[in-house]
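Take a look at the letters that make up each chain.
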Amino acid sequence: MKRVLLGCLSALAVTATIAVSRSSSDVGVPPVAAALRAFGPIHPRISPQGDTIVFSYQGALWRLPRSGGTMTRLSDGEGFDIEPAWSPDGKWIAYINSRNFSSGDLRIMNAEDGAPVTLAAVQHSKAQASSKLSFDPSGRRVLATFTPESGQPEGLSWFDLETGELSTVLDPPRAVRRPALSQDGKWIAFATNQDVAGQQGGNDGAQADLWRVSSDGGRPERIARWPARIHDLAWEERAPSMYVTSDLGAAPYDIWRILLPHPEKHPQRLTFGQADEDRPSVSRDGHWLVYTDNNEGATALVVLDTTNGERNVVAVTGLNFRKPIGSVRLSIREKPGDDGTAARIAIQSKHAGQADGKFYAPPGALYRIERTTLHFYAYKIAELQLPAGDYTLHAWHGPEFRAIHRDFRVEPEKMIDLAVELERWTDSAALQLYSGENHIHANYGYGEWYNTPESMWLQCKGEDLSVCNFMVANSDGDGVFDRPFFRGEPDPWSDPRTVLYWNQEFRSTLWGHMTLVNLRQVVEPVFTGFKDTTNPWDIPTNADIADRTHWQNGLVNYTHTAQNAADPYLGAYTAKGLPVDAALGKIDSMDLNNSYDAAVPLWYRLLNCGFRIPASAGTDCFLNRIRSRLPGSDRAYVRITGPFSYQAWIDGLRAGRSFVSNGPMLEFRADDKGLGETISLDAPHRARLVARATAQFPLDRLEVVWNGTTVARGKISDAGRRGEIDQDVLLDHSGWLALVASGPTHPDAPGGPQYAHTSPIYVDLKDRPTTSPADAEFFLAWIDRLAAAFGARGRVPNRELEAHVAGQLDEARRRFRKMAGTGR
């Protein structure tokens with residue numbers, strides 16, 4: 001397997017092989033021994049003349065000759081500059097300036113020197129980052145998907161650069177991803193999928209419909225159907241054809257050339273990489289095609305000569321910031337004085353004393369964005385060149401360490417050494433608590449980067465995450481991501497404090513999603529209910545998959561269980577099979593995070609029915625994407641008796657010795673019992689509750705809940721960073737006790753408002769079992785809705801299997817009826 005450039009793991013090598021221009025007067029850079037290939041450009045567009053490529057790189061726009069050489073920065077200032085587009089004469093570049101890599105302002109610059117062009121009209125709409133920009137051949141208007149300040153979607157529209165008026169293209173209006181304008185400006189092409197609101201992506205098939213509409217607007221006409229998703233497209237003028245990015249036949253993206261109006265006839269596959277080739281852009285004469293290739297981790301730019309099929313990676317031999325430059329060298333270690341560790345690093349330039357400029361990372365780093373901050377991960381050392389000036393360094397190392405914020409100055413042609421010394425505010429391992437999570441995607445559709453175990457180790461190590469469960473999974477169709485990494489044991493990149501384990505997300509479009517961990521084999525099938533795939537059926541059920549997981553001593557965890565607090569059944573990705581599988585005894589744990597307000601009350605109802613389901617966490621983060629959550633931004637802390645190991649963590653989670661947290665640390669005992677244990681009583685009893693919460697950032701709530709009702713509130717002290725409970729509570733029936741803490745959002749705490757919740761301590765009072773008729777009735781109504789949906793779908797191949805599913809639903813109903821007192 002190729003070793004990828006992991007930002008600072010290879011920073012010194014990068015420094016040795018890249019020349020950096022020192023002023024705007026530099027015409028070129030002398031050739032070096034080894035040029036940079038996979039340095040991380042995104043959104044490339046080749047000029048109409050075919051001689052220059054413009055692209056976004058670390059939040060700024062740069063230009064580079066098609067043949068390679070020195071790349072020159074064009075944009076500066078606050079925000080992320082993305083989705084560039086050339087004017088027809090090649091003199092101007094339109095782009096989006098975004099605060100958070102989503103929607104943003106439309107801007108225009110001079111293509112030669114980046115000088116801003118003031119728009120005559122005031123812009124009242126935000127361009128969407130999911131939409132490519134295109135200039136009209138007249139150069140007077142720009143095509144994109146816009147959202148007005150009113151919030152009412154305008155959809156695909158023309159923006160008049162002189163008047164600021166929006167002209168909607170589609171009737172009725174709608175948003176469009178990656179529209180493509182023909183070179184003559186007469187037609188706009190776009191692709192749509194078969195997805196229906198309220199259903200999972202791929203539920204109704206992964207095929208893409210290709211449409212065209214007059215650039216003057218109107219109703220689109222469908223011109224073709226392609227047998228897989230289309231993620232990007234570009235017109236070719238020499239013939240009625242297009243270049244499209246698609247995942248046809250595999251999980252990674254490839255670029256195809258298709259003929260219109262019958263793309264299914266003689267499609268030409270142009271790329272065959274192990275990862276993704278994406279974002280095709282073609283010169284006006286059709287001679288040159290440029291695209292991104294992330295086979296080496298970060299993206300490289302590839303140019304294809306369409307006349308002879310020759311292709312070349314565009315080699316970069318220098319970076320011209322058009323300013324004098326200096327260097328910074330970071331050394332990263334944990335106090336007191338270890339030999340180095342990994343951290344999440346952000347470096348931002350300062351203007352007028354405010355950190356509001358561009359962010360910087362080493363070439364080749366798999367940079368990502370958390371909220372509005374671009375970061376990269378570094379191990380032990382990092383070195384990079386920066387334009388001379390003032391900067392702010394930010395460093396993080398997971399929730400148990402204090403954030404570091406430090407200003408520094410870079411002088412021209414000088415090196416500054418900065419020691420990043422990470423400091424703990426708490427040490428969970430000293431309490432035999434180890435953090436982990438059950439839902440990390442290394443490579444999942446719609447991403448910019450390609451991850452390997454090496455890059456995943458760096459990111460998880462940087463977040464101080466001990467157990468890292470990565471998911472083999474499908475997305476919208478037959479393709480399964482990351483299956484080649486599955487080992488059935490910890491990955492060889494694991495170390496004593498950071499264990500990597502490739503497991504599986506089982507995805508059903510009806511029953512919901514489960515993360516299956518501690519696997520020895522991939523559980524087949526990997527998915528159910530995706531129309532026109534190898535398994536379009538709603539069988540096997542999630543209960544059947546749970547059995548196949550338990551055969552190999554795997555742990556079954558339900559993930560992203562509910563999103564709608566008012567009605568947790570609603571939603572395309574809710575855990576609709578969860579009550580059935582809980583009643584059948586198939587579930588080992590359940591994720592509480594992502595949507596606490598919806599998931600926690602649902603969990604309480606299950607606990608009130610007597611099901612013992614420990615609390616777990618899974619962020620569902622996508623680490624090949626620039627925008628996604630951090631690994632371990634929500635995590636489960638599991639108490640381990642004895643030495644730490646992956647198996648010990650799994651065993652502790654299964655036993656319920658866990659709490660879920662995005663920052664606060666919890667301790668809780670009732671009498672002499674800890675999390676996951678049972679207080680057995682012959683008669684009602686007053687139990688002593690002893691609880692403590694500590695946090696790096698202020699808390700405003702600490703409570704003990706008894707069968708879902710608050711029975712004790714803590715005293716908050718130390719400016720909100722400490723809470724304690726020590727009081728008695730009467731236990732006069734069976735049930736469960738748990739501790740919950742929460743607090744407001746803090747800039748240094750990823751994942752939104754602070755939250756932590758323990759697994760239960762259970763109470764068994766003789767002859768008074770845990771029961772809640774109202775919650776049982778709630779789940780009986782839930783199962784009726786689920787059974788109706790199952791019947792309406794009709795996705796079972798024969799009556800025998802239909803009877804099998806009906807039997808599971810009926811058995812679950814029987815158990816809930818018994819709880820509700822409505823019969824056996």
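This report concerns the structure included in the present document. (Residues numbered from 1 in each chain as written. Predicted model: local features only at pLDDT ≥ 70, side-chain atom pairs only at ≥ 80, totals over all residues. Heavy atoms only, no water.)

## A closer look at empty space enclosed by the protein
Inspection of every chain in the model, using the stated rule, returns 4 cavities of 30 Å³ or more. Of the voids in this model, the largest cavity is the one considered here, and its volume is about 200 Å³. Forming the boundary of the largest cavity are 23 residues, of which Gly 398, Pro 399, Asp 748, Ala 749 and Pro 750 lie nearest the centre. Tallied by class, the residues present in the lining of the largest cavity amount to 10 nonpolar, 8 polar and 5 charged. (1 Å grid on protein atoms, 1.4 Å probe; cavity = no way out; pocket = protein on both sides within 12 Å on 5 of 7 lines; lining within 4 Å. Points joined across faces, edges and corners; volume = space filled by probe spheres on them. Nonpolar A, V, L, I, M, F, W, Y, C, P; charged D, E, K, R; others polar.)

## Some details on the layout of surface pockets
Approximately 1200 Å³ is the volume attributed to the largest pocket. Taken together, 40 residues form the lining of the largest pocket, with Ser 130, Arg 177, Arg 178, His 231 and Tyr 446 sitting closest to its centre. Listing elements by their share of the lining of the largest pocket, those giving two or more residues are strand 2 (42-46), strand 6 (80-86), strand 16 (187-193), strand 19 (230-236), strand 23 (277-282) and strand 24 (288-293). Partitioning the lining of the largest pocket into residue classes produces 14 nonpolar, 13 polar and 13 charged. As a volume, the second largest pocket reaches approximately 550 Å³. Arg 99, Gln 348, Phe 359, Thr 372 and Thr 373 are, among the 29 residues lining the second largest pocket, the residues nearest its centre. (Helix = DSSP H or I, 4+ residues; strand = E, 2+ residues; numbered from the N terminus.)

## Overview of a negative patch on the surface
A surface patch of like charges, here negative, comprises Asp 671, Asp 672, Glu 677 and Asp 728. As for its position among the elements, Asp 672 is in the loop between strand 49 (665-670) and strand 50 (678-681). On the basis of relative accessibility, which here comes to 54%, the residue Asp 672 falls in the exposed class. (Patch = residues over 30% accessible without salt bridge, like charges linked within 9 Å, V, L, I, M, F, W, Y side chains within 5 Å. Areas by Shrake-Rupley, 256 points an atom, 1.4 Å probe, with all protein chains shown as cover. Salt bridge = Lys/Arg side-chain N within 4 Å of Asp/Glu carboxyl O. Lys, Arg positive; Asp, Glu negative; His and termini not counted. Charge placed at Lys NZ, Arg CZ, Asp CG, Glu CD. Buried < 20%, exposed > 50% of the residue type's maximum accessible area, 1.4 Å probe, protein only.)

## So, the state of the cysteines
Under the criterion given, the structure shown has 0 disulfides. Just so you know, Cys 468 is unpaired, no disulfide at all, and the nearest cysteine sulfur is the one on Cys 460, 3.6 Å from it. On the basis of relative accessibility, which here comes to 0%, the residue Cys 468 falls in the buried class. (Disulfide = S-S within 2.5 Å.)

## Concerning the packing of helix 5 (residues 596-608) against helix 7 (residues 773-793)
The angle between the axes and the distance between the axes are what describe a pair of packed helices. Taken N-terminus to C-terminus, the directions of helix 5 and helix 7 make an angle of 115°; their axes are 8 Å apart at the nearest point. The angle between helix 5 and helix 7 falls in the class roughly perpendicular. For the pair helix 5 and helix 7, the crossing hand works out as left-handed. Judged by residue contacts, Leu 602, Arg 605, Leu 606 and Asn 608 of helix 5 engage Ala 774, Asp 775, Phe 778, Phe 779 and Trp 782 from helix 7. (Axes fitted to C-alpha atoms, helices over the stretch in contact; angles between N-to-C directions. Parallel < 35°, antiparallel > 145°, perpendicular 65-115°, else oblique. Left-handed = near helix turned anticlockwise from the far one by under 90°. Contact = heavy atoms within 4.5 Å.)

## Notes on the sheet that holds strand 54 (residues 715-717)
Read across the open sheet, the 4 strands follow the order 49-51-55-54; overall the sheet is antiparallel. Two strands lie at the open edges of the sheet, namely strand 49 and strand 54, each paired on one side alone. In this sheet, adjacent strand axes meet at a mean angle of 10° when their direction is disregarded. (Pairing = 2+ DSSP bridges.)

## Concerning the packing of aromatic side chains
Within the structure shown, the criterion is met by 34 aromatic pairs. Ring centres of Tyr 57 and Trp 62 lie 5.7 Å apart, and the angle between their planes is 80°; on these two criteria the pair is classed as edge-to-face. Using a relative accessible area of 3% as the deciding quantity, one classes Tyr 57 as buried. By the ring-pair criterion, three or more aromatic residues cluster together here, those being Phe 39, Phe 55, Tyr 57, Trp 62, Phe 321, Tyr 360, Tyr 391 and Phe 408. Across the ring face of Trp 158, the terminal group of Arg 141 is positioned such that the distance to the ring centre comes to 4.0 Å. Geometry around Trp 187 places Arg 212 over its ring, the cationic atom sitting 3.7 Å from the centre. (Phe/Tyr/Trp six-rings, centres within 6.5 Å; stacked < 30°, edge-to-face > 60°. Lys NZ or Arg CZ within 6 Å of the ring centre and 35° of its normal.)

## Examining unusual backbone geometry
Residue Pro 261 is reached from Leu 260 by a cis peptide bond, and omega for that bond is 10°. Within the secondary structure, Pro 261 sits in the loop between strand 21 (254-259) and strand 22 (268-269). Unusually for a residue other than glycine, Asp 482 sits at a positive phi of about 65°. Following the sequence through the fold, Asp 482 ends up in the loop between strand 39 (480-481) and strand 40 (499-508). Phi angles above zero are rare outside glycine, and Asn 518 is one such case at about 65°. On the accessibility criterion, Asn 518 (0% relative accessible area) is buried.

## With respect to the nonpolar core
With 82 residues, the main nonpolar core has Phe 611, Trp 649 and Phe 816 as its most contacted residues. Once you skip the residues sitting within four places of it in the chain, Trp 649 turns out to touch Tyr 434, Ser 435, Gly 436, Glu 437, Asn 438, Val 467, Asn 469, Ala 636, Val 638 and Ile 640. Ranked by size, the runner-up nonpolar core spans 43 residues in total, among them Leu 64, Val 328, Ile 347 and Phe 401. (Core = buried A, V, L, I, M, F, W, Y, C linked by side-chain atoms within 4.5 Å.)

## Looking at the environment of Thr 745
Structurally, Thr 745 can be placed in the loop between strand 56 (735-743) and strand 57 (754-758). Overall, Thr 745 belongs to the partly exposed group, its relative accessible area being 44%. A C-alpha to C-alpha distance of 9.6 Å links Thr 745 and Tyr 755, two positions 10 residues apart in sequence. Apart from residues no more than four positions distant in its own chain, Thr 745 is found in contact with Arg 371, Gly 752 and Pro 753.

## With respect to the pattern of salt bridges
Following the criterion strictly, the structure yields 48 salt bridges and no others. Arg 815 serves as the salt-bridge partner of Glu 811, at 2.7 Å between the closest nitrogen and oxygen. Of this pair, Glu 811 and Arg 815 both sit in helix 8 (residues 799-820), 4 residues apart, which is roughly one turn of that helix. Glu 811 sits in the partly exposed class, given a relative accessible area of 23%. Overall, Arg 815 belongs to the partly exposed group, its relative accessible area being 31%.

## Some points on the pairing of strand 47 (residues 635-639)
Judged by how many residues are buried, strand 47 sits mostly within the fold: 4 of 5 residues are covered. Relative to strand 47, strand 37 (residues 433-441) runs antiparallel, the two being bridged by 4 bridges. The partner of Tyr 434 across the bridge, within strand 47, is Val 638. As judged from the 4 bridges shared by strand 47 and strand 48 (residues 658-661), these two strands associate in the antiparallel manner. Across the sheet, Val 638 pairs through a bridge with Ser 658, a residue of strand 48.

## Some words on helix 8
The end-to-end C-alpha distance of helix 8 is 31 Å, a good match for the 32 Å that 22 residues give at a rise of 1.5 Å each. Those residues of helix 8 not exposed but buried are Val 805, Gln 808, Leu 809, Ala 812, Arg 813, Phe 816, Met 819 and Ala 820. For helix 8, the angular spread of the buried residues around the axis is 130°, confining them to a single face. For helix 8, the exposed residues set more than 90 degrees away from the buried face come down to Arg 799 and Glu 800. Residues of helix 8 that are buried make contact with helix 3 (542-550), helix 4 (578-583) and helix 7. Its side-chain oxygen placed 3.2 Å from the backbone nitrogen of Glu 800, Asn 798 serves as the N-cap of helix 8. Two residues or fewer after helix 8 comes Gly 821, characterised by a positive phi angle close to 75°. (Expected span 1.5 Å × (residues − 1). Arc of directions from axis to C-beta. Polar contact = N/O pair within 3.5 Å; in protein donor to acceptor, adjacent residues only side chain to side chain.)

## Topic: the packing of helix 7 against helix 8
Across the interface, helix 7 lies against helix 8 with an axial gap of 8 Å and an inter-helix angle of 165°. Here helix 7 lies roughly antiparallel to helix 8, going by the angle between them. In terms of crossing hand, the pair formed by helix 7 and helix 8 is left-handed. Across from Pro 773, Ala 776, Glu 777, Phe 779, Leu 780, Ile 783, Asp 784, Leu 786, Ala 787 and Phe 790 in helix 7, the residues of helix 8 making contact are Glu 802, Val 805, Leu 809, Ala 812, Arg 813, Phe 816, Arg 817, Met 819 and Ala 820. Across the contact of helix 7 with helix 8, the residue classes break down as 14 nonpolar, no polar and 5 charged.

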